[in-house]
Every structure is written in C-alpha cells, then in structure tokens.
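Tertiary structure, described
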Amino acid sequence: MALDISNIESFPNGLAIAWNDNKDSFIEYKNLRDRCPCANCSGESDVFGNLYKGPEIKLVENAYKLINVIKVGNYAIRITWGDMHSDGIYTFEYLRNLDLSE
C-alpha cells in the first residue's frame, strides 16, 4: 500500500496528519519551515555532488505562519507560509521523517 494522507488539519502550532496506514502525526510549523525542502532553502546538488543554495532567508515570526496547504499529486503537499514562501514540496515520506512523535 502506498503512503497517502487521509486527512490533514492545521492547528495554531502545527499540522496534524492522519495517514492511510492508521498512523497519526503532528509536526510543528517551526520544524516544517526550518526544514523546507526547496532548492533555495535546502540546496540542490549537481552531478559532481556540489551543493548550491540560494541566499539565506532571514526567518521572522511571520515565516512560521501557515497560510495554505495543498496536495501535490499522490505523493506530497505544498505549504504557503506567511512570508509567501511556497517553493517547498514536502513528500509524504519526508513528512513522516519529520514526525518526532514516535
């Protein structure tokens, strides 16, 4: 069975995710935003293994405010943050690894 989200709900400090394998996760917004997987925030490697990152973004309080969450295909979600950053695509596997509740 492929990993999928059954339900996702936003709370003042994080996302609650119900998975199709009956596991529940809660991930704080700070954890999600600080680990944004986009090429600017996390970097992007070339074929030689060199890591390239965009200019560092100073994250202020608004950067941790959730504006919107949309599902991307059957494998990920995209989050729009209060600073309008929305480039990160959080795969389901990546989200499960960010869940520290276990």
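How each quantity is defined
- Residues numbered from 1 in each chain as written.
- Predicted model: local features only at pLDDT ≥ 70, side-chain atom pairs only at ≥ 80, totals over all residues.
- Heavy atoms only, no water.
- Helix = DSSP H or I, 4+ residues; strand = E, 2+ residues; numbered from the N terminus.
- Rg over C-alpha atoms; globule rule 2.2 N^0.38 Å.
- Buried < 20%, exposed > 50% of the residue type's maximum accessible area, 1.4 Å probe, protein only.
- Contact = heavy atoms within 4.5 Å.
- Areas by Shrake-Rupley, 256 points an atom, 1.4 Å probe, with all protein chains shown as cover.
- Lys, Arg positive; Asp, Glu negative; His and termini not counted.
- Charge placed at Lys NZ, Arg CZ, Asp CG, Glu CD.
- Phe/Tyr/Trp six-rings, centres within 6.5 Å; stacked < 30°, edge-to-face > 60°.
- Lys NZ or Arg CZ within 6 Å of the ring centre and 35° of its normal.
- Pairing = 2+ DSSP bridges.
- Core = buried A, V, L, I, M, F, W, Y, C linked by side-chain atoms within 4.5 Å.

**Brief notes about the overall build of the chain**
A count of helices and strands for the chain gives 3 helices and 8 strands. Taken from N to C terminus, the helices and strands of the chain fall in the order β-β-β-α-α-β-β-β-β-β-α. What you see for the chain is a C-alpha radius of gyration of 14 Å, in line with the 13 Å of a compact globule of 102 residues. When each of the 102 residues of the chain is scored for burial, the buried share is 31%. Looking at the chain alone, contacts between residues at least 24 apart form 37% of all its contacts between residues at least 6 apart. If you sum the accessible surface of the chain, you get close to 6500 Å²; carbon and sulfur atoms cover 50% of it. Of the charged side chains in the chain, 10 are positive and 15 negative; the average position of the first set lies 4 Å away from that of the second.

**A word on the packing of aromatic side chains**
Considering all chains together, one arrives at 4 aromatic pairs under this definition. Between Y29 and W81, the ring centres sit 6.1 Å apart and the planes meet at 80°, which makes this aromatic pair edge-to-face. One end of the pair, Y29, is in helix α1 (residues 29–34); the other, W81, is in strand β7 (residues 76–81), with 52 residues separating them in the sequence. Judged on exposure class, the residue Y29 and its partner W81 are both buried. On the numbers, 6.2 Å between centres and 45° between planes, the contact of Y90 with Y94 is tilted. Relative accessible area serves as the criterion here: at 0%, Y90 is assigned to the buried category. In this structure Y94 comes out as partly exposed when scored by relative accessible area, which is 28%. The lysine or arginine in question, R96, covers the ring of W19, its NZ or CZ lying 5.3 Å from the ring centre.

**Observations concerning the pairing of β7**
The side chains of a regular strand alternate, first on one face of the sheet and then on the other. With 5 of its 6 residues buried, β7 lies for the most part within the structure. Two strands pair when backbone bridges link them, and strand β6 (residues 66–72) and β7 are joined in this way by 6 bridges, in the antiparallel orientation. Looking at the pairing, L66 lines up with W81 of β7. Hairpin remark: β6 followed by β7, antiparallel, with 3 residues in the connecting loop; positive phi at G73, about 55°. Relative to strand β8 (residues 89–91), β7 is paired through 3 bridges, and the arrangement is antiparallel. The residue of β8 that forms the bridge with I77 is Y90.

**Focus on the nonpolar core**
One finds L32, I77, I79, Y90 and L95 to be the most contacted residues of the largest nonpolar core, which totals 18 residues. Elements with a contribution of two residues or more to this core: β2 (14–19), α1, β7 and α3 (92–98). When neighbours within four sequence positions are excluded, I79 is seen to be in contact with L15, L32, L66, N68, V69, H85, S86, G88 and Y90.

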